[in-house]
Amino acid sequence: MNVQPLHIGTAGSEPAAAAGPPVVELAGVSKRFGARAALDDVTLTVRRGEVLGIIGRSGAGKSTLIRCLNGLERPDAGEVRIEGRAISRLSERELQPMRRRIGMIFQHFNLLANSTASENVALPLKIAGIAKAERMRRAGELLDLVGLSDRGGAYPAQLSGGQKQRVGIARALAAEPALLLSDEATSALDPETTGQILELLRDINRRLGLTVALVTHEMEVVREIASRVVVLENGRVAEEGEVWRVFADPQAPITATLLRSLRPELPADLAARLTNTLGGEAVFRLDLIGDAARAPLLAELAGRFGIEARLLHGGIETIQGRPVARLFVAVSPSPAVDLAAIAAFFASRATRSDLLGHVSSSP
Amino acid sequence: MSAHLLDLLLKATGETLLMTAASGLASLVFGLPIGLLLVVTSPGGVWPAPWTNRVLGTLVDAFRSVPFIILLVALIPFTRLVVGTSIGTSAAIVPLSIAAIPYYARIAEVSLREVDSGLVEAVRAMGGSRWALVREVLVPEALPSLVAGFVVTLITLIGATAIAGAIGAGGLGDLAIRYGYQRFQTEVMLAVVVVLILLVTILQKGGDALVARLDHRR
Ligand SMILES: Nc1ncnc2c1ncn2[C@@H]1O[C@H](COP(=O)(O)OP(=O)(O)OP(=O)(O)O)[C@@H](O)[C@H]1O
Ligand SMILES: [Mg+2]
């Protein structure tokens with residue numbers, strides 16, 4: 001397989017369609033550690049073929065949430081269903097066959113150091129009781145799938161971080177799981193390798209229709225491959241929705257905070273000159289989604305009101321195939337066109353428009 | 001050195017090797033499972049069982065805290081029960097084993113504890129049973145370290161066989177004491193020391209080479 005490096009910010013391909021039956025259903029799941037609620041009444045559904053991103057601050061409960069999905073963590077209250085089967089009350093032994101339907105990849109790969117790549121990939125099959133010849137054949141195929149067909153005999157210490165994670169992914173896929181869990185799987189990798197691993201995950205999601213739930217603190221990862229995103233705050237779901245919508249128009253303050261680094265902000269020198277006093281140019285921040293993001297907004301403004309607007313800063317990106325723009329524009333109201341009319345025009349076109357302030361001399 | 005002394009030296013080396021090998025085997029067969037039990041039953045282990053863990057740990061430490069020379073004497077009735085006599089090489093194997101088993105159990109425990117808990121978790125996540133965790137993760141991942149610890153145990157046992165001379169076990173230590181010390185035959189003492197150094201060096205080097213072959217962590 002030939003994996004192209006992925007250019008973060010320009011990915012346009014959408015995850016596999018997500019209209020399938022639910023693979024994961026959480027209802028009112030809570031989990032405490034001592035006095036601390038790691039999860040607090042979490043309800044959510046992941047459907048077949050979906051890639052769910054889970055984000056939140058450190059300690060928000062992301063790992064706890066994902067570990068509840070394969071019973072590594074047991075909720076104190078609520079119900080976890082995998083493919084319709086309640087797992088929260090299963091014994092450790094009863095969980096074992098369930099877990100074979102669920103693959104997991106880890107930040108630090110967690111490969112057996114004294115086993116070769118092939119043996120690592122074949123391990124879930126060995127555990128499932130598959131004969132040696134068959135599991136080695138499958139391991140070969142899987143290593144091929146992740147682009148490591150020639151490294152089967154290598155030990156993990158002989159592989160790069162990216163290669164190790166590929167082995168981890170091959171291992172997670174070995175038992176043909178219905179669900180793939182990923183806890184910070186790219187966090188120990190450099191950006192280029194991260195891109196390649198995401199490309200691989202996306203490819204697997206599309207080709208195998210695999211359902212994925214992934215935890216990350218890298219917002220780019222969610223933007224690249226997730227179809228839906230859940231934002232956790234103090235163990236609660238603060239926000240949830242399609243990635244393009246949440247990224248373009250975050251509702252919860254925590255979401256806006258987490259996504260801040262991804263969204264263009266007014267350069268500091270301009271921001272410092274903003275005042276509340278009327279006069280000079282008015283500076284607007286516009287968030288536009290879909291066709292509106294690509295429409296000739298400023299030309300339309302000029303045509304309609306006869307005033308020129310200047311683009312100060314901003315950009316357009318594509319998330320899940322949808323254009324999402326954030327623009328900072330400066331306009332000078334004329335005697336004929338007052339500020340309110342301009343603001344109304346922007347509000348009619350943009351998902352969000354905010355008057356940030358005024359600058360006296362042109363910035 | 002006379003042919004007679006050479007004979008004695010060979011015989012003593014054979015006895016030392018026999019005692020070391022037999023009690024070493026016992027330490028492996030019984031000590032390793034005890035070490036494993038100590039790890040899996042510990043809090044946060046694969047199979048937490050606080051009471052088993054506490055009782056086993058206390059027992060292991062009790063045996064380890066008794067000086068070998070005292071163990072040797074204290075176990076005489078038991079030894080007689082097991083091998084029919086309390087004197088000689090085979091009789092010495094009993095107290096040597098009883099000392100070696102808890103010794104290696106603790107060494108193995110340390111090795112097994114060092115296995116990255118992430119690996120255990122990964123195999124749990126793929127649906128591995130507790131037995132699979134032991135067989136596929138704990139033992140293979142700790143193997144180089146378990147072997148290194150076993151070599152340490154064997155070398156310690158070689159030293160202990162000399163003390164077992166006190167109950168007529170024979171062996172190199174006994175030879176050195178009887179001829180080298182009590183009869184002032186310094187050359188016997190020297191010969192014994194040379195043989196001991198050779199034995200220990202061969203064991204250590206051989207062990208190191210085996211560990212290097214088993215260890216793929218770097
Ligand atoms: N085994 C545990 N024992 C005690 N407290 C725990 C345990 N696991 C998690 N916690 C606590 O539960 C809360 C949520 O932890 P969790 O690991 O799910 O956070 P996270 O969102 O994954 O954070 P990070 O981004 O740092 O990985 C934290 O306050 C953490 O300290
Ligand atoms: Mg975490």
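Let us look at the structure shown here.

How each quantity is defined
Residues numbered from 1 in each chain as written. Chains lettered and ligands numbered in written order. Predicted model: local features only at pLDDT ≥ 70, side-chain atom pairs only at ≥ 80, totals over all residues. Heavy atoms only, no water. Contact = heavy atoms within 4.5 Å. Buried area = accessible area lost by both parts, 1.4 Å probe. Salt bridge = Lys/Arg side-chain N within 4 Å of Asp/Glu carboxyl O. Polar contact = N/O pair within 3.5 Å; in protein donor to acceptor, adjacent residues only side chain to side chain. Helix = DSSP H or I, 4+ residues; strand = E, 2+ residues; numbered from the N terminus. Nonpolar A, V, L, I, M, F, W, Y, C, P; charged D, E, K, R; others polar. Patch = residues over 30% accessible without salt bridge, like charges linked within 9 Å, V, L, I, M, F, W, Y side chains within 5 Å. Areas by Shrake-Rupley, 256 points an atom, 1.4 Å probe, with all protein chains shown as cover. Near = heavy atom within 4 Å. Buried < 20%, exposed > 50% of the residue type's maximum accessible area, 1.4 Å probe, protein only. Lys, Arg positive; Asp, Glu negative; His and termini not counted. Pairing = 2+ DSSP bridges. Phe/Tyr/Trp six-rings, centres within 6.5 Å; stacked < 30°, edge-to-face > 60°. Lys NZ or Arg CZ within 6 Å of the ring centre and 35° of its normal.

Moving on, we come to the interface of chain A and chain B. Listed by partner, the interface residues are 24 residues for chain A and 24 residues for chain B. For the pair chain A and chain B, the summed buried area comes to about 2,000 Å², and 56% of that belongs to carbon and sulfur atoms. Looking at the side of chain A facing chain B, the largest losses of area belong to Leu-112, Asn-114 and Ile-127 of chain A, adding up to 27% of the total buried there. In this structure, the connection of chain A to chain B is made through 3 salt bridges. Summed over the shared surface of chain A and chain B, the result is 10 residue pairs in polar contact (both at pLDDT 80 or more). Counting only elements with at least two residues in the side of chain A that touches chain B, the list comes to helix H2 (92–99), strand S6 (102–106) and helix H3 (117–127) of chain A. In terms of residue count, H3 of chain A provides more of the side of chain A that touches chain B than any other element does, 4 residues in total. When the residues that make up the side of chain A that touches chain B are grouped by side-chain class, the tally is 12 nonpolar, 6 polar and 6 charged.

Residue and element names in this part refer to chain B. On the surface, Ile-177, Tyr-181, Met-189, Val-193 and Ile-197 cluster together to form a nonpolar patch covering roughly 470 Å² of accessible area. Looking at which element gives the most residues to the nonpolar patch, the answer is helix H9 (residues 186–214), with 3 residues. In this fold, Val-193 is placed in helix H9.

What follows is about the site of ligand 1. Residue and element names in this part refer to chain A. With respect to spatial proximity, the complete set of residues near ligand 1 consists of Phe-33, Arg-36, Ala-38, Arg-57, Ser-58, Gly-59, Ala-60, Gly-61, Lys-62, Ser-63 and Thr-64. Ser-58 places a side-chain nitrogen or oxygen 2.5 Å from an oxygen atom of ligand 1. Between ligand 1 and Lys-62 there is a distance of 2.7 Å, counted from an oxygen atom to a side-chain nitrogen or oxygen. Broken down by secondary-structure element, the contributors of at least two residues to the shell around ligand 1 are strand S2 (36–47) and helix H1 (62–68). Here the element with the most residues in the shell around ligand 1 is H1; it accounts for 3 residues.

Moving on, we come to the pattern of salt bridges. One side chain can pair with another of opposite charge once the charged atoms of both are near each other. If you walk through the whole model with that rule in mind, you get 32 salt bridges over all chains. Here Glu-79 of chain A and Arg-89 of chain A are joined by a salt bridge, their closest N and O atoms 3.2 Å apart. A residue pair is termed long-range when its members are at least 10 positions apart, and Glu-79 of chain A in strand S4 (residues 77–82) and Arg-89 of chain A in the loop between strand S5 (85–86) and H2 qualify at 10 residues. On the basis of relative accessibility, which here comes to 19%, the residue Glu-79 of chain A falls in the buried class. Taking the relative accessible area as the measure of exposure, Arg-89 of chain A reaches 65% and is therefore exposed. The shortest N-O distance in the salt bridge between Arg-113 of chain B and Glu-109 of chain B comes to 2.4 Å. Placement of the pair is Arg-113 of chain B and Glu-109 of chain B together in helix H5 (residues 89–113), with a separation of 4 residues, close to one helical turn. We classify Arg-113 of chain B as partly exposed; its relative accessible area is 43%. Residue Glu-109 of chain B is classed as buried on the basis of its relative accessible area of 8%.

In this section: the side chain of Arg-171 of chain A. Mapped onto the elements, Arg-171 of chain A comes out in helix H5 (residues 161–173). Buried charge Arg-171 of chain A goes without a salt bridge, the closest partner of opposite sign being Glu-141 of chain B at 8.7 Å. If we skip the residues at most four places from it in the chain, Arg-171 of chain A touches Phe-106, Phe-109, Asn-110, Leu-111, Leu-112, Asn-120, Val-121 and Pro-124 of chain A together with Ala-122 and Met-126 of chain B.

As defined by bridge partners, strand S12 (residues 309–319) of chain A adjoins strand S13 (residues 322–331) of chain A across 10 bridges and the pair is classed as antiparallel. Residue pairing across strands places Ile-316 of chain A opposite Ala-325 of chain A, the latter belonging to S13 of chain A.

Further remarks concern the packing of aromatic side chains. Going through the model one piece at a time under the given rule, you end up with 4 aromatic pairs over all chains. Considering the side-chain rings of Phe-345 of chain A and Phe-346 of chain A, the 5.8 Å spacing of their centres and the 50° angle between planes classify their relative orientation as tilted. Both residues of the pair, Phe-345 of chain A and Phe-346 of chain A, count as buried. With centroids separated by 5.7 Å and ring planes inclined at 70°, the aromatic side chains of Tyr-104 of chain B and Phe-150 of chain B adopt a geometry described as edge-to-face. You can see Tyr-104 of chain B sitting in helix H5 and its partner Phe-150 of chain B sitting in helix H7 (residues 130–164), a full 46 residues away along the chain. Tyr-104 of chain B sits in the buried class, given a relative accessible area of 1%. An aromatic cluster is defined as three or more aromatic residues linked by ring pairs; in this entry it consists of Phe-284, Phe-305, Phe-345 and Phe-346 of chain A. One residue, Arg-130 of chain B, lies across the ring of Trp-47 of chain B, its end atom 4.4 Å from the ring centre.

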